Amino acid sequence: MASPTAFITGITGQDGSYLTELLLARGYVVHGLVRRASLFNRSRIEHLRLDPAIGGKTLFLHYGDLNDTTSLRRLFRRIRPGEVYHFAGQSHVGLSFEIPEATCHEVGHGTLGLLELLRDQEHPVRFYHASSSEVFGAPATAPQNEDTPLRPTSPYGCAKAFATNLCRVYREAYGLFICNGIAYNHESPRRGENFVTRKISLAAARIARGRQHELVLGQLDAARDWGYAPEFVEGMWHALQRQEPDDYVFATGESHTLAEFIDAAFATVGLDWRRYVQFDARYVRPIEPVRLVGDAAKAHRLLGWTPRTKMADLARLMVQADLALLDGAEPAR
Ligand code: GDR
């Protein structure tokens, strides 16, 4: 039997790289969309691409852009993916206040372009949309589930809400196999350095090694539901293996403040974070979401999905990975 074929937008990102590993391990041929830039940004999948048994055999990268629907159409015709995982787009919430038009265009309109492409496919395609807890923004109830009304508090959240609703409409209107995964914060050693958990884990490791002397942050009382990215991509894959398409919340169900995360991270290297953390209003956002904590009961019931790693273990494993990176024991990804 021919190998299943998947197409991933945003393959070079944290989730794209973990999902690629999962799919390859399950015997898929994986195609990824890579945005052209003057500097390569493939570090998270370079170990796969350079593996002679994988690169050019079961893993293929294609330059492209979500806005270039003609080339995407051509690509789809050639690859004929059975599953599409859509992660691409500007994903920094704070930055979305600075560049709202670009964010909404990429996240909102970019998803619409893919949905239109999906409508035209002659063979059945299953589509995973990486939605976000940011669609809930300031919910009236906690924890949130798939039926909680969308009340975003950022341009990024608005764009994700638009895309999430479009996915629901296209599923209903055209009978397409489309799933929204409403994922709460999920982190890992592959997290980008401008997201707060990685900024903290790197700082804890660097301070412990005498290479950094302070950590400058915004609001410390912000609370999030933090999980471990490799476990989240398992849920995403399971979502597309079901008989019927649906929406799923992926979350740990626990809320912790940023201060608690910092505490757990710095405890890993035996340091008191209060000696190093400075405040800068530059990192405070015009609005912060509130009460964001997810109820993943449906994903557990229908997909058998259970997050295993909780906040304190997550903070510890991220700091340990950054220590290994600094000490040269691990290649950068
Ligand atoms: P978030 O993640 O906005 O929840 O979105 P981020 O790590 O950027 O912020 C989390 C919280 O930390 C506060 N904060 C800071 N944040 C950053 N980035 N840098 C700082 O210096 C800093 N100081 C305090 C923030 O105000 C916020 O409250 C992430 C992204 O991955 C989205 O793409 C995804 O959809 C959601 O998670 C679920």
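The following refers to the structure shown.

About the cut-offs
Residues numbered from 1 in each chain as written. Predicted model: local features only at pLDDT ≥ 70, side-chain atom pairs only at ≥ 80, totals over all residues. Heavy atoms only, no water. Buried < 20%, exposed > 50% of the residue type's maximum accessible area, 1.4 Å probe, protein only. Helix = DSSP H or I, 4+ residues; strand = E, 2+ residues; numbered from the N terminus. Pairing = 2+ DSSP bridges. Right-handed = clockwise from strand over helix to strand, strands pointing away. Polar contact = N/O pair within 3.5 Å; in protein donor to acceptor, adjacent residues only side chain to side chain. Contact = heavy atoms within 4.5 Å. Salt bridge = Lys/Arg side-chain N within 4 Å of Asp/Glu carboxyl O. Axes fitted to C-alpha atoms, helices over the stretch in contact; angles between N-to-C directions. Left-handed = near helix turned anticlockwise from the far one by under 90°. Nonpolar A, V, L, I, M, F, W, Y, C, P; charged D, E, K, R; others polar. Expected span 1.5 Å × (residues − 1). Near = heavy atom within 4 Å. Areas by Shrake-Rupley, 256 points an atom, 1.4 Å probe, with all protein chains shown as cover. Core = buried A, V, L, I, M, F, W, Y, C linked by side-chain atoms within 4.5 Å. Parallel < 35°, antiparallel > 145°, perpendicular 65-115°, else oblique.

Within strand β1 (residues 5–9), 5 of the 5 residues are buried, which leaves it mostly tucked inside the rest of the structure. Alternating positions in β1 separate into two faces, T5, F7 and T9 on one and A6 and I8 on the other, with burial throughout. Both β1 and strand β2 (residues 29–34) contribute to a ladder of 5 bridges, which runs parallel. The partner of T5 across the bridge, within β2, is V29. Since β1 and β2 lie parallel, the crossover through helix α1 (residues 14–25) that links them has a hand, and here it is right-handed. Examined bridge by bridge, β1 and strand β4 (residues 83–86) share 4 bridges and lie parallel to one another.

Once that is clear, we can look at the side chain of T197. Positionally, T197 belongs in helix α7 (residues 196–208). A relative accessible area of 1% places T197 in the buried class. One polar contact links T197 to E187, side chain to side chain, over a distance of 2.4 Å. Excluding residues that lie within four positions of it along the chain, T197 makes contacts with E187, R191, W226, F261 and M318.

If the charged atoms of two oppositely charged side chains come close together, the side chains can form a pair. For the structure shown, the criterion picks out 19 salt bridges. Between R42 and E46 there is a salt bridge, and its shortest N-O distance comes to 3.3 Å. R42 gets classed as buried once you look at its relative accessible area, which sits at 14%. Residue E288 is joined to R224 by a salt bridge in which the shortest nitrogen-to-oxygen separation is 3.3 Å. One end of the pair, E288, is in the loop between β13 (277–279) and α10 (297–303); the other, R224, is in strand β9 (residues 223–224), with 64 residues separating them in the sequence.

Now for the packing of α1 against helix α8 (residues 229–241). Here α1 crosses α8 at 65°, and the two axes come no closer than 9 Å. α1 and α8 meet at a crossing whose hand is right-handed. Counted together, Q14, D15, Y18, L19, L22 and L23 of α1 and A229, P230, V233, E234, M236 and W237 of α8 form the full contact between these two elements. A class-by-class count of the residues in the contact of α1 with α8 yields 9 nonpolar, 1 polar and 2 charged.

Here helix α5 (residues 100–119) spans 28 Å end to end across 20 residues, near enough to the 28 Å set by a 1.5 Å rise per residue. Taken as a whole, α5 has its buried residues at T103, V107, G108, G110, T111, G113, L114, L115, L117 and L118.

We now examine the site of the ligand. Around the ligand there are 23 residues in total, and S91, S132, K199, R285 and E288 lie nearest to it. Here H92 contributes a side-chain N or O atom positioned 3.5 Å from a nitrogen atom of the ligand. Between the ligand and V196, the relevant distance is 2.9 Å, taken from an oxygen atom to a main-chain nitrogen or oxygen of the residue. Protein chains shield 95% of the accessible area of the ligand, which is 710 Å² for the free molecule. Of the residues belonging to the shell around the ligand, the class tally is 10 nonpolar, 8 polar and 5 charged.

Right, let's get into the nonpolar core. Judged by nonpolar contacts, the single largest core of 35 residues is most densely connected at L19, L23, Y85, Y128 and F250. Contributions of two or more residues to this core are made by β1, α1, β2, β5 (126–132), β6 (177–183), α8, β11 (247–250) and α10. Within the second largest apolar cluster, 25 residues are counted, among which are A203, A204, A264 and L326.

Two numbers describe how α7 lies on helix α11 (residues 311–326): the axes approach to 8 Å, and their chain directions differ by 50°. The pairing of α7 with α11 is recorded here as oblique in orientation. Judged by the twist between their axes, the crossing of α7 over α11 is right-handed. On α11, the residues that touch T197, R198, S201, L202, A204, A205, R206 and A208 of α7 are M318, V319, D322, L323, L325 and L326. Residues of the contact of α7 with α11, tallied by class, amount to 9 nonpolar, 2 polar and 3 charged.

The next point concerns unusual backbone geometry. Cis geometry marks the peptide bond from A142 to P143, where omega comes out at -5°. Tracing the sequence through the fold places P143 in the loop between β5 and α6 (155–174). Phi is positive for R80, which is not a glycine, with a value near 50°. Turning to its location among the elements, R80 is positioned in the loop between α3 (69–79) and β4. At R291, a position not held by glycine, the phi torsion is positive, near 55°. Among the structural elements, R291 can be located in the loop between β13 and α10.

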